[in-house]
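Observations on the three-dimensional arrangement
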Amino acid sequence: MSHKNADTVVVLDFETTGLSPNMGDRAIEIGAVLIEHGRITDRFQQLMNPGFLINGFISSYTGISNAMLKSAPDCLSVIREFASFVGKHNLVAHNASFDKKFLDNEMVLAGSAYSGAFACSMLAARRLYQNAPDHKLGTLVRYKRLPTDGVFHRALADAEMTAHLWLRMLEDLGEQYQLFDVPFNLMQKLGRTAKGSVHTFLQKQVRAEPA
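Figured I'd write up the structure that's included with this text. Note that the structure is predicted; figures quoted are calculated from it, not measured.

Description of the overall build of the protein chain
- When its secondary structure is counted, the protein chain shows nine helices and five strands.
- Along the chain direction, N to C, the helices and strands of the protein chain fall in the order β-β-β-α-α-α-β-α-β-α-α-α-α-α.
- Relative to the compact-globule value of 17 Å for 211 residues, the protein chain shows a C-alpha radius of gyration of 17 Å, a close match.
- Expressed as lengths along the three principal axes of its C-alpha atoms, the size of the protein chain is roughly 55 × 35 × 30 Å.
- The buried share of the protein chain, reckoned over its 211 residues, is 51%.
- In the protein chain, 67% of the contacts between residues at least 6 apart in sequence involve partners at least 24 apart.

Next up, the structure:
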């Protein structure tokens, strides 16, 4: 899967009851955007009933109330539907380690699975935009003047902004390094490259491209 191009991915974001599925936390909303050949072509959004009440902090942070979740479908049915949406696509998230652990947990509980690989837009942005004030999603949206409706900490809105950030990074790789048709695994490697070695790493990728 990692040999596929980075311009065709599913960008996702979870809102959750807490920080760790190992502590019993569950997803309460998923939002995702399908990018195909550099264009957003589909979206997925669904509240998820975790089966217990969420606390006041999470409710105020996300804007998701217990009343909203009461009428939402359960996590298992939503994540099975999402697995169908993902198909065999690779996945992107901002701070992907967080979203991946919740996706993996919900997939296991639902008896479902996905076959794509994960890349982190935050790690890639740390390498490409080293002069940004920080690499929180909201900061990067302002730094790169990306489209936003001003809503944060709702899953689909955050997935949309992450998708625009991902596409801008691919655009900037083309403009700055003449790297086009960027492989997904290049973005994964970029996120693991030492900051001081990024320029050299990307120049090597240009020389490695077939004529």
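Right, picking up where we left off after that structure.
Looking at helix 9 (residues 198–208)
- All of the buried residues along helix 9 are V198, F201 and L202. All buried residues of helix 9 lie within an arc of 90° about the axis, which places them on one face of the element.
- Tucked into the core, helix 9 has its buried residues touching helix 5 (121–128), helix 7 (155–177) and helix 8 (184–192).

Regarding the packing of helix 3 (residues 75–86) against helix 4 (residues 96–110)
- It is at 9 Å that the axes of helix 3 and helix 4 come closest, and there the two elements cross at 105°. Classed by the angle they form, the pair helix 3 and helix 4 counts as roughly perpendicular. Across from C75, L76, I79, R80, F82 and A83 in helix 3, the residues of helix 4 making contact are L103, E106, M107, L109 and A110.
- Residue composition of the contact of helix 3 with helix 4, grouped by class: nine nonpolar, no polar and two charged.

A short note on the packing of aromatic side chains
- On inspection of all chains with the given rule, the structure shows eight aromatic pairs.
- Judged by centre distance (5.5 Å) and plane angle (45°), the rings of F44 and F85 are tilted. Within this pair, whereas F44 is found in strand 3 (residues 39–47), its partner F85 is found in helix 3, the two being separated by 41 residues in sequence.
- Exposure remark for F85: the relative accessible area of 14% places this residue in the buried category.
- Aromatic pair F57 and Y61: ring centres 5.7 Å apart, planes at 20°, arrangement stacked. Within this pair, F57 and its partner Y61 are both found in helix 1 (residues 56–62), separated by four residues, close to a single helical turn.
- Site record: aromatic cluster; members linked through ring pairs are F44, F82 and F85.

Digging into the environment of Q188
- The residue Q188 is located in helix 8 in this model.
- Owing to a relative accessible area of 16%, Q188 belongs among the buried residues under this scheme.

Regarding the pairing of strand 4 (residues 90–93)
- Of the two faces of strand 4, the one carrying N90 and V92 and the one carrying L91 and A93 are both buried.
- As defined by bridge partners, strand 1 (residues 9–16) adjoins strand 4 across three bridges and the pair is classed as parallel. Within strand 4, the residue paired with V10 across the bridge is L91.

Focus: the nonpolar core
- Formed by 36 residues in total, the largest nonpolar core has its most connected members in W166, M169, L173, M187 and L202.
- Put simply, the parts of the chain that give this core at least two residues each are strand 1, strand 2 (27–36), helix 5, helix 6 (137–143), helix 7, helix 8 and helix 9.
- In terms of residue count, helix 7 provides more of this core than any other element does, ten residues in total.
- Not counting residues up to four positions away in its chain, the partners in contact with W166 are A6, V9, I35, V92, A119, S121, F184 and M187.
- Counting residues in each nonpolar core, the second largest holds 28 residues, with V10, F85, F102 and C120 among its members.

Cut-offs applied
- Residues numbered from 1 in each chain as written.
- Predicted model: local features only at pLDDT ≥ 70, side-chain atom pairs only at ≥ 80, totals over all residues.
- Heavy atoms only, no water.
- Helix = DSSP H or I, 4+ residues; strand = E, 2+ residues; numbered from the N terminus.
- Rg over C-alpha atoms; globule rule 2.2 N^0.38 Å.
- Buried < 20%, exposed > 50% of the residue type's maximum accessible area, 1.4 Å probe, protein only.
- Contact = heavy atoms within 4.5 Å.
- Arc of directions from axis to C-beta.
- Axes fitted to C-alpha atoms, helices over the stretch in contact; angles between N-to-C directions.
- Parallel < 35°, antiparallel > 145°, perpendicular 65-115°, else oblique.
- Nonpolar A, V, L, I, M, F, W, Y, C, P; charged D, E, K, R; others polar.
- Phe/Tyr/Trp six-rings, centres within 6.5 Å; stacked < 30°, edge-to-face > 60°.
- Pairing = 2+ DSSP bridges.
- Core = buried A, V, L, I, M, F, W, Y, C linked by side-chain atoms within 4.5 Å.

From the geometry alone we can't say anything about function, so treat these as descriptive.
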